[in-house]
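# A closer look at the structure
Residue strings, one per chain:
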Amino acid sequence: MARVASVGLLTPLPQLDRVLEYAIPEPLQASIAVGVRVRAPLRTGGRVVEGFVLALAEESSYEGKLAELVSVVSPVPVLTPEIAELAREVANRQAGTLNDVLRLAVPARSARFEAAWWEARCAGSAPETGGIRHAVDGDSDATEAVPRERAFRAAPHGVRSDGTPRALAAILDAALADLSHGESVIVAVPDFREVELALRYLSTRADERLVRRMDARLKPKERARHFLACLEGTPVIAIGTRSALYAPVTKLASIYIWDDDDDSFTEPLAPYAHTRDVALLRQQLTGCRLVFSSYVPSAAVVRLIDMGWLTAHDDRQVNLPRVVISEHVLGEDDRLQHARIPSYAWRRAREALSSGNVLMQVGRAGYAPALVCEGCGERVTCRSCGTFLGQPRKDALPRCRVCGRDYMRWSCLHCGSERARPSGSGVHRTVEELGRAFPGATLVVADGEHERVSVSGTGNLVVATRGTAPIAPSGYACVILLDTGSMLLREGLDVVLDALHGWAAAAALCADDGEVVVAGSEHPATIALRDHSELALVREELQARRALSFPPTVRVAEVRGTRAEVEHALERLGEQHELDILGPLTDEDGTSRALVRMSYANARTLVPAMKAELVRAATSRPAPLPGKRRAAGSTLRIRLDPPHAF
C-alpha cells in the first residue's frame, strides 16, 4: 500500500513549481490514486492548497518527516499520466509553471455531475457507445487506415453541397478512419464556426457518444461531461479549439490541426503556448500521427518542412477557383479600375446574385476605420496613446482602436476644428453603401459581433471581415476581396502572410465554377493567390527571415518589468549565456521590455535559466522592517514566442 504521494501544487508561485512529497494518512488510503485532486498543507502560514497526485510510492526520498495530506477533493483521477507529462513539457518549453498549464488542460470541477459520473462508473453502468454510421452518399472513406506520418497537407478548396468545406471534410474522414479501427483522434480547429460545422458533419456518420466537444464556450457542466467521457476508455474523436490538445483520450492515433496560423490558436493565458507547439510536444510523447492542414502553410510549418521533419502533400483538386486581379482587367476605365469596388467587381456581383450568393471580404470592422478633420484633413488621433480614432457605428462617438476611449468632444490640434468625417469604410459602412447599389439582395453582416456559421438559399450578399465569413452550400458564386492594399500597408512582420492567409480562406469558399475578384493592384501576395503558389511565397518569406534572424527561424523571449528588473535579469542571464538582446525600451506606462533572440538549440539551456531567474526574482523580496509593510512583489515577466514581437 502506498504511503507517500508526490503532489504538484496548484499555486501561481513559481518557487513552488516542483513536486512535493506528502504522507498519506490512513483515512485517505482508500480514495487516493494517481491523478486525483487533493488538498495539501504548506509549511508557512498554515495555508492549504489544492494539487494533483502525480505518483505514489512506498518510501519517501526525503529523510525528514513528511507533512500529511489534508483531504481528497475528489476520487476521480482526472489528470492522466500522459497529460501530466505533456503539461510539464509545455511548462518547461515556455518557462512557465505546471499550474499555468493544468488550469488550461483540466476544466473546472462540476462537483455534482462529477460525483454522479463516478458513482455510475464504480457501479459498472457506464453508457454503451455505438459504432460509425457511414455517409449515405458514399463520399466518406472511413474504413481504410491512414499511414502514420508527420505531414502538412495543402487543403482542397470548395464547399460540399451539404455546406461543409471540403478541407474540413477531408480531415474528418481521416478521423473517422482512425475511429473505425478502435483508435482515438484529436481535431483542433480555430473557433466555434469550424466546431459547429464539424459536429454537423459527424452527426450523420458516427454515434454522438463517440464525438466529444472540447470547447471553452461550453457551460461548466457540459464541458465536464465531455472531458470525463474521454476518461472512460472508449476511443473517441475529440474536437474543439485550443483545449482539445489536452483531451485525455485513450489510444491516441492522430492529431489534426486545421489552419494552425489562425490567431485563435495563440493562447492568451500564461504560459502562452501556441496550439501548434502543444501538438508537436504531444506527438513526440506519444508517437501518434500529426497532420497540419490549411490553404496556406504557416511560416513555422514551412520551416519544419524544410528541415525534413514534416512531409508536404498537395490535396488540392485540379479545378481551383479562378482568381482575377481587377488591375489586370482589360477595357476598364482607369478611374473605376482603381476604385474601392471596381466596375468589374460590381458586374460580377450582380451576375452572381441572380443565381447564387456573393461574399465581400472587407479589411476593417466597424463603420469607419479612421476619421479626418474636416478643416485641414489631418487624421484624428487619441490624446492618450496617439492611435487613430475610428467610428464603430454611424452615429457612435469616435473611439480609439487601441485603448477603447470614447470622445464626446474633440478638437483638431492643427486647426482647432471640432468636426471630423469618416475616412475609409468598415464592414457597416460598406453594407450601407451596398444596400443602395443592390436593393433586391439580402444583405448579411458577419463580423465579431454578428456570428454566423452558414447562410441558406440564394441572393445573399455577405459582407464579412477576415475569418468570419459564413459557409454557403456549394460555395459562393463570386468572392470579392476588398481593401487589399490597405491590409498590406499595416505595420508588422506578419502583414503579408496574414493578408494572404485571410484572402486564401475566403477564396476557398468559392464555388467550383465561381470566380474570385481581387479589388486592388498587383502585389507578390495577390499574384501568389492568383497563381495558387502560396507555398513558394511563404518559403521566400522564410528565407528572408532566416537571413535577418526573425521568427520563426529563431525563438524570441520578451522580458518585461521595471527598468532595473529587466536590466538585472539580462545581466544575470548574460553571465552564463551569450545573448542577442534588442532593447530594453521603456513604454509610456513606465514598463520596460527587451527581446532576447536565441536559436532553438540554445533555447534548451537558456529557457530553464530564464525560469530560474523568475524564481529568483519572486523570492528575493527583503524581509519587512518591524512595523513596515512588506515590499511589493517582483513585476518581472518573461514570455516566450510572443506574437507580433516585430
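Before going into details, it helps to say that this report is about the structure given with it. (Residues numbered from 1 in each chain as written. Predicted model: local features only at pLDDT ≥ 70, side-chain atom pairs only at ≥ 80, totals over all residues. Heavy atoms only, no water.)

## As for the overall build of the protein chain
Per the secondary structure count, the protein chain includes 17 helices and 26 strands. Against the globule reference of 26 Å for 646 residues, the protein chain gives a C-alpha radius of gyration of 27 Å, in line with a compact fold. Out of the 646 residues belonging to the protein chain, those deemed buried represent 51%. For the protein chain, the share of sequence-separated contacts (at least 6 apart) that also reach a separation of at least 24 residues comes to 72%. Total accessible area computed for the protein chain in this model is approximately 29,400 Å², and 50% of it derives from carbon and sulfur atoms. Across the protein chain, the centroid of the 78 positively charged side chains sits 5 Å from that of the 81 negatively charged ones. (Helix = DSSP H or I, 4+ residues; strand = E, 2+ residues; numbered from the N terminus. Rg over C-alpha atoms; globule rule 2.2 N^0.38 Å. Buried < 20%, exposed > 50% of the residue type's maximum accessible area, 1.4 Å probe, protein only. Contact = heavy atoms within 4.5 Å. Areas by Shrake-Rupley, 256 points an atom, 1.4 Å probe, with all protein chains shown as cover. Lys, Arg positive; Asp, Glu negative; His and termini not counted. Charge placed at Lys NZ, Arg CZ, Asp CG, Glu CD.)

## Considerations on the layout of surface pockets
For the second largest pocket, the calculated volume is near 1,300 Å³. A per-class count over the lining of the second largest pocket returns 24 nonpolar, seven polar and 16 charged. (1 Å grid on protein atoms, 1.4 Å probe; cavity = no way out; pocket = protein on both sides within 12 Å on 5 of 7 lines; lining within 4 Å. Points joined across faces, edges and corners; volume = space filled by probe spheres on them. Nonpolar A, V, L, I, M, F, W, Y, C, P; charged D, E, K, R; others polar.)

## Considering the packing of helix α16 (residues 563–576) against helix α17 (residues 600–618)
One can describe the packing of α16 onto α17 by two numbers: an axis separation of 10 Å at closest approach and a directional angle of 135 degrees. Looking at the two axes, α16 sits oblique to α17. Our pair here, α16 against α17, has a crossing hand that is right-handed. Only Leu 606, Ala 609, Met 610, Glu 613 and Arg 616 of α17 make contact with α16, whose side of the interface consists of His 568, Ala 569, Arg 572 and Leu 573. For the contact of α16 with α17, the residue count by class is five nonpolar, one polar and three charged. (Axes fitted to C-alpha atoms, helices over the stretch in contact; angles between N-to-C directions. Parallel < 35°, antiparallel > 145°, perpendicular 65-115°, else oblique. Left-handed = near helix turned anticlockwise from the far one by under 90°.)

## Considering the packing of aromatic side chains
Across all of its chains, the model carries three aromatic pairs by this definition. Taking the centre distance of 5.1 Å and the plane angle of 90 degrees together, the rings of Trp 258 and Tyr 295 count as edge-to-face. Of the two residues, Trp 258 is situated in strand β10 (residues 252–258) and Tyr 295 in the loop between β11 (289–294) and α8 (299–307); the sequence distance between them amounts to 37 residues. Grouping residues by exposure puts Trp 258 and Tyr 295 together as buried. Summarising the aromatic geometry, the rings of Trp 346 and Phe 438 are spaced 5.4 Å apart at their centres and angled 20 degrees between planes, so their arrangement reads as stacked. Of this pair, Trp 346 sits in helix α10 (residues 343–353) while Phe 438 sits in the loop between α11 (427–437) and β19 (442–446); the two residues are 92 residues apart in sequence, bridging distant segments of the chain. Take Phe 438: its relative accessible area is 6%, and that puts it in the buried class. A cation over an aromatic ring shows up here: Arg 217 above the ring of Phe 192, its NZ or CZ 4.2 Å from the ring centre. (Phe/Tyr/Trp six-rings, centres within 6.5 Å; stacked < 30°, edge-to-face > 60°. Lys NZ or Arg CZ within 6 Å of the ring centre and 35° of its normal.)

## As for α17
Under the 1.5 Å per step criterion, the end-to-end length of α17 is 27 Å for 19 residues, consistent within 8% with the ideal 27 Å. Maximal helix bending in α17 amounts to about 30 degrees, located at Leu 606; proline Pro 608 follows within four positions. Turning to α17, its buried residues are Ala 603, Leu 606, Val 607, Ala 609, Met 610, Lys 611, Glu 613, Leu 614 and Ala 617. Considering only its buried residues, α17 is in contact with α1 (81–93), β23 (555–561), α16, β25 (592–598) and β26 (637–640). (Expected span 1.5 Å × (residues − 1). Bend = angle between axes of the 7 residues up to and from the residue.)

## Some thoughts on the packing of α8 against helix α15 (residues 534–548)
One can describe the packing of α8 onto α15 by two numbers: an axis separation of 9 Å at closest approach and a directional angle of 85 degrees. The orientation of α8 relative to α15 falls into the category roughly perpendicular. Between α8 and α15, the contacting residues are Ala 299, Val 302, Arg 303, Ile 305 and Asp 306 on the first element and Leu 535, Val 538, Arg 539, Leu 542, Arg 545 and Arg 546 on the second. A class-by-class count of the residues in the contact of α8 with α15 yields six nonpolar, no polar and five charged.

## Description of the pairing of strand β14 (residues 358–361)
Of the two faces of β14, the one holding Val 358 and Met 360 and the one holding Leu 359 and Gln 361 are both buried throughout. The pairing of β14 with strand β20 (residues 460–464) spans four bridges and is parallel. When the bridges of β20 are listed, Gln 361 appears paired with Ala 464. Bridge analysis of β14 against strand β21 (residues 476–481) gives four bridges, and the strand direction is parallel. (Pairing = 2+ DSSP bridges.)

## Section: α1
For α1, built from 13 residues, the straight-helix expectation of 18 Å at 1.5 Å per residue is met to within 8% by its first-to-last C-alpha distance of 18 Å. Those residues of α1 that fall on the buried side of the exposure criterion are Ile 83, Ala 84, Leu 86, Ala 87, Val 90 and Ala 91. Down the axis of α1, the sector holding all buried residues measures 160 degrees, keeping them to one side. Those residues of α1 that are buried are in contact with β4 (48–57), α2 (98–105) and α7 (275–286). Following α1 by one or two positions, Ala 95 has its phi on the positive side, about 55 degrees. (Arc of directions from axis to C-beta.)

## Thoughts on empty space enclosed by the protein
Under the counting rule described, the total for this entry stands at seven cavities of 30 Å³ or more. In this structure, the largest cavity occupies an estimated 70 Å³ of space. Lining the largest cavity we find Leu 104, Ala 105, Pro 107, Arg 213, Met 214, Asp 215, Arg 223, Phe 227, Ser 243, Tyr 246, Ala 247 and Pro 248. Elements with a contribution of two residues or more to the lining of the largest cavity: α2, β8 (211–214) and α6 (220–229). Here the lining of the largest cavity is composed, by residue class, of eight nonpolar, one polar and three charged. As a volume, the second largest cavity reaches approximately 60 Å³. Lining the second largest cavity are Arg 37, Val 78, Val 106, Pro 107, Ala 108, Arg 109, Ser 110, Glu 114, Ala 224, Phe 227 and Leu 228.

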